[in-house]
Every structure is written in C-alpha cells, then in structure tokens.
Amino acid sequence: MIEVNGLSKRYGDVFAVNDLTFTVRPGTVTGFLGPNGAGKSTTMRMILGLNRPTSGTATVDGRPFVRRRAGLHHVGALLDAGDVHPGHSAAAHLTALARTNGIGRRRVREVLEEVGLASAARRRVGGFSLGMRQRLGIATALLGNPPVLMFDEPVNGLDPEGVRWVRRLFRNLAAEGRTVLVSSHLMSEMENTAERLVVIGRGELIAEESVAAFAARG
Ligand code: ADP
Ligand code: ADP
C-alpha cells in the first residue's frame, strides 16, 4: 500500500505538488490522472525517495521507502524510459541492476522474455525505439518481483498491441495482490487500464474515486 499524506514539493515559488493526500491499495490498478505538468512524476519520485518532499510524507507499506535497503525487491518503477546508458545492451543494463540488488541472472532472462525483448537483449539501448525503451523500463520495474509497482506514462511509444499487453500485465499484477499505480494524462487511457483513480491538477487532488464514478461526472 502507498500512503501519501499532505505531500508538497516546491520549486522556487511554484508548488509542483500541493498538500496531496491519497492512498493506493493492493489488488486493483489505480490510475494517476492529470494533465502534463500536474505533478504526477514529482509525486512518484517522492514516493520512491528520489525527491525530498518540502512537507508531508509518502510511505510504502507503512514506512518511507528506502531504496538502499529494500530496493527493487520492494518497489519497482518505470519512471523515465530514457534513463538508460545508450551504449549498454538491455541485458547488460538489467544484469547490472540485478547484481547490485542480489537478483539472479535467470530472473534477467525471465523479465526480458516477459516484456518481449528476448531477441533484442544484446542490442544497444541507444538504437531502441521509444516502445522498446518503455518495455525495458517495465522489465526494470518487474526485475525484483516487488509487491509495489509504479509506472509513469507507460503506454507512450507503444504500438496498439503493446498497449493491450501492458494493460493485461497491470491487471495481472493487481490480481496477484500487488499495489499498482499507473500515470497518464489521458482519461481514455485510464478507462481501459484502471479501476480506481487519483486525479490531480496543478499539484492538487481533484478526485479519488472509481473510474466509473469519475467518468459519470462528465
Ligand atoms: P507531470 O508528471 O504530471 O507531467 P511533473 O511532476 O513532471 O508533472 O511536473 C510538475 C511541475 O513541477 C511542472 O510545472 C514542472 O515544470 C515542475 N518541475 C518538475 N521538476 C522540476 C524541477 N526539477 N525544477 C523545477 N520545476 C520542476
Ligand atoms: P544512483 O546510484 O544513480 O542513485 P541506483 O544505481 O540506485 O541510482 O539506480 C539506478 C537507476 O535505477 C536510476 O536510474 C534510478 O532512477 C533507477 N531506480 C532506482 N530505484 C528504482 C526502483 N525502485 N525501480 C525502478 N528504478 C529505480
């Protein structure tokens, strides 16, 4: 479970995130909806402990998430599909992450297979399409088999078949009892992906309810 309580992040005079409170429960896919610049990535980075809040708290399963201790085994995230050394292969990238997190090589092969990159595993990531980089980011999130997963705009760059695949993947992860938060700036995307919604605008909470209830508001 992810609990965000009175969370704020200020950059200069601007609040990227402003007194945000919401909960992401295990077992359902929760969508994180808001226009570009609404504060979704900043919120996810604070949950991951990559950004320090100006005020408020974000906890994962009751505690602030500490990467060094639990790392990829506790929370997996797709944050920025461009965040991989372009000269490395997909396999090398995942193997390095696996090594520092005490994860075996077999798991690297498994996730490459799972995201459909097995045949591209030895190619330089610099030559990957955006969709392939998204798949690699998703592989990174899955690598440690974590109970909590966050995906920031995962469908960007995926073809229609890839979009159907990630939706199925998220539903399966949730059905296994995991906590799954997926961001998007498109309501149409959320309607086909999530059951619950956390909606934000200008860093502030607009709604926290079922997708059906939010859609019915028009
Ligand atoms: P979203 O993910 O919803 O598109 P972001 O969290 O990326 O939104 O950004 C929220 C706001 O915070 C935007 O106005 C953005 O320009 C600003 N912002 C994000 N990161 C920084 C930063 N490092 N320095 C200054 N402003 C930032
Ligand atoms: P650094 O040494 O640069 O602080 P790490 O080596 O711990 O970071 O992480 C390597 C990469 O993995 C970084 O790009 C970081 O954004 C990403 N990362 C860190 N934690 C997670 C996580 N829980 N899930 C997915 N990616 C993560």
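Below is a short write-up of the structure. Remember, it's a predicted structure, so these values are computed and weren't measured experimentally. (Residues numbered from 1 in each chain as written. Chains lettered and ligands numbered in written order. Predicted model: local features only at pLDDT ≥ 70, side-chain atom pairs only at ≥ 80, totals over all residues. Heavy atoms only, no water.)

To continue, consider the overall build of the protein chain. Per the secondary structure count, the protein chain includes eight helices and nine strands. Taking 2.2 N^0.38 as the reference for a compact globule, 218 residues should give roughly 17 Å; the C-alpha atoms of the protein chain span a radius of gyration of 17 Å, in line with that estimate. Taking the principal axes of the C-alpha coordinates as reference, the protein chain spans close to 45 × 35 × 35 Å. Out of the 218 residues in the protein chain, the part that is buried amounts to 52%. Sequence separation of at least 24 residues holds for 67% of the intrachain contacts in the protein chain that already meet a minimum separation of 6. Only carbon and sulfur atoms are counted for the fraction: they give 47% of the accessible area of the protein chain, which is about 10600 Å². (Helix = DSSP H or I, 4+ residues; strand = E, 2+ residues; numbered from the N terminus. Rg over C-alpha atoms; globule rule 2.2 N^0.38 Å. Buried < 20%, exposed > 50% of the residue type's maximum accessible area, 1.4 Å probe, protein only. Contact = heavy atoms within 4.5 Å. Areas by Shrake-Rupley, 256 points an atom, 1.4 Å probe, with all protein chains shown as cover.)

With that out of the way, let us pick up helix 6 (residues 160–175). Its 16 residues give helix 6 an end-to-end C-alpha distance of 23 Å, which sits within 8% of 22 Å, the value for a rise of 1.5 Å per residue. Summarising the contacts, the buried residues of helix 6 are in contact with strand 3 (29–33), helix 4 (105–114), helix 5 (130–143), strand 6 (148–152), strand 7 (179–184) and helix 7 (187–191). In the segment just after helix 6, G177 is the residue with positive phi, at about 90 degrees. (Expected span 1.5 Å × (residues − 1).)

Here we come to helix 5. Three or four residues apart is the spacing at which side chains of an α-helix point the same way, because the helix has 3.6 residues per turn. Over its 14 residues, helix 5 extends 20 Å from the first C-alpha to the last, a length consistent with the 20 Å expected when each residue adds 1.5 Å. Within helix 5, 12 of the 14 residues are buried, which leaves it mostly tucked inside the rest of the structure. Those residues of helix 5 that fall on the buried side of the exposure criterion are G131, M132, Q134, R135, L136, G137, I138, A139, T140, A141, L142 and L143. As for helix 5, its buried residues are in contact with strand 5 (75–78), helix 3 (90–100), helix 4, strand 6 and helix 6. Positive phi appears at N145, one or two residues downstream of helix 5, with a value of about 55 degrees.

This brings us to the sheet that holds strand 9 (residues 204–210). With respect to topology, six strands assemble into an open sheet ordered 5-6-7-3-8-9, the strand pairing being mixed. Among the strands making up the open sheet, the edge pair consists of strand 5 and strand 9. Direction aside, the axes of adjacent strands within the sheet are offset by 15 degrees on average. Taken strand by strand, helix 1 (residues 40–47) contacts strand 3, strand 6, strand 7 and strand 8 (196–201), and its axis lies near 155 degrees from that of strand 6. Sheet strands in contact with helix 5 are strand 5 and strand 6, and its direction is about 175 degrees off that of strand 5. (Pairing = 2+ DSSP bridges. Axes fitted to C-alpha atoms, helices over the stretch in contact; angles between N-to-C directions.)

All right, on to the side chain of D152 then. By the element assignment, D152 lies in strand 6. In this structure D152 is buried but unpaired, with K40 as the nearest side chain of opposite charge at 6.1 Å. Within polar-contact distance, the side chain of D152 engages the side chain of S183 at 2.5 Å. Excluding residues that lie within four positions of it along the chain, D152 makes contacts with S41, M44, L78, L79 and S183. (Lys, Arg positive; Asp, Glu negative; His and termini not counted. Salt bridge = Lys/Arg side-chain N within 4 Å of Asp/Glu carboxyl O. Polar contact = N/O pair within 3.5 Å; in protein donor to acceptor, adjacent residues only side chain to side chain.)

What the rule picks out here adds up to five salt bridges. Of the charged contacts in the structure, one is a salt bridge between R178 and E176, with a shortest N-O distance of 2.6 Å. Between E209 and R217 there is a salt bridge, with its nearest N and O atoms 3.0 Å apart. The exposure class assigned to E209 is partly exposed, which follows from its relative accessible area of 21%. Residue R217 is classed as exposed on the basis of its relative accessible area of 52%.

As a further point, take the site of ligand 1. By nearness alone, every residue bordering ligand 1 is listed as Y11, A16, P35, N36, G37, A38, G39, K40, S41 and T42. Within the backbone of A38, a nitrogen or oxygen atom sits 3.1 Å from an oxygen atom of ligand 1. Take T42: an N or O atom from its side chain is 2.5 Å from an oxygen atom of ligand 1. About the coverage of ligand 1: the protein hides 56% of its 560 Å² of free accessible area. The dominant element in the shell around ligand 1, judged by the number of residues it contributes, is helix 1, at three residues. (Near = heavy atom within 4 Å.)

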